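# What the coordinates show
This is what each chain is made of:
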Amino acid sequence: MQKIKAFKIGLIGLMIVLGSNASVMYALAYTEKREVLYTNTIKIEGQEVLFRAFYLSAPAVSFEVKISVTEGTIKWTPHSAVMFEDTLGWFPRKIDGRVNGTIQRWVCETDNGTVKWSVDPENVNMVWYLNFYNPDSYEKEVCIEVTKVWEKQNYQDWI
């Protein structure tokens, strides 16, 4: 009876150790990697539009844009170079299927926070632009930090 009890305790201990090792190996295999690519503080006048550029190198599965505004909010949109360089963020506006002028679209409105953008493999190793708009009548200071995110897929990448 004593041997069976000791065997059960030993078996439970072994299961705990093996489970812990499996958790650690899984965490090592799928660890998110991060690199800050761009930091800046800009002043943007009321009703003004500004843009800032950063280079997104491979590997990358996404990037995060952390923004802090001194007062109020700021409208902004990220654009890959392919989408931005010819248009500067102005895109055709269609009404009833016909082009009727151009419009700037603002995807985000932020006071303080972080927004994460997924990227396709064809949208890395290129310049990206953050296009900002201050909808208010007064100047704002905007702190910007862009962080590239990618994942280590297996343990061998760590060696």
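Every chain begins its residue count from 1, and numbering advances along the sequence as written. With pLDDT at 70 or above as the cut-off, local features in this predicted model cover only qualifying residues; side-chain atom pairs require 80 or more to be listed or tallied, and sums for whole chains, interfaces and linings still use all residues. Side-chain descriptors were evaluated using all non-hydrogen atoms of the structure, hydrogens and water having been removed beforehand.

Labels follow the DSSP assignment, with helices taken as runs of H or I lasting at least four residues and strands as runs of E lasting at least two, numbered in each case from the N terminus. When helices and strands are tallied, the protein shows 2 helices and 10 strands. Listed by position from the N terminus, the elements making up the protein come as α-β-β-β-β-α-β-β-β-β-β-β. Exposure is judged per residue with a 1.4 Å probe applied to protein chains only, and the accessible area is read against the type maximum: over 50% gives exposed, under 20% gives buried, and values in between give partly exposed. Counting all 159 residues of the protein, 29% fall into the buried class. Note on areas: Shrake-Rupley with a 1.4 Å probe; residue coverage comes only from the protein chains shown. When the accessible surface of the protein is totalled, it reaches about 10,300 Å², and 56% of it is carbon and sulfur.

Time to look at the sheet that holds strand β10 (residues 140-151). Spatially, the 4 strands line up as an open sheet ordered β1-β10-β3-β8, and their pairing is antiparallel. In the strand order of this sheet, the two ends are held by β1 (32-44) and β8 (112-118), each with one partner. Between one strand and the next, the sheet's axes are offset by a mean angle of 20°, whatever the strand orientation. Pairing of β1 with β10, which is carried by 12 bridges, proceeds in the antiparallel orientation. Bridging across to β10, Asn-40 finds its partner in Ile-144. Strand pairing is assigned whenever DSSP detects at least two bridges linking the two strands. Here the axes come from fitting lines to C-alpha atoms, over the contacting stretch only for helices, and the angles between their N-to-C directions go from 0 to 180 degrees.

A few words now on the environment of Val-142. Mapped onto the elements of the fold, Val-142 is located in strand β10. C-alpha separation for the pair Val-142 and Lys-43, spaced 99 residues apart in sequence, amounts to 6.3 Å.

Right, let's get into the sheet that holds strand β4 (residues 74-80). The antiparallel open sheet is built from 4 strands, whose spatial order is β2-β9-β4-β7. This sheet does not close on itself; its edge strands, each paired only once, are β2 (49-56) and β7 (108-110). If you compare each strand with its neighbour and ignore which way they point, the axes differ by 30° on average. With 8 bridges joining them, β2 and strand β9 (residues 126-133) adopt antiparallel strand pairing. When the sheet's bridge partners are listed, Tyr-55 is paired in β9 with Val-127.

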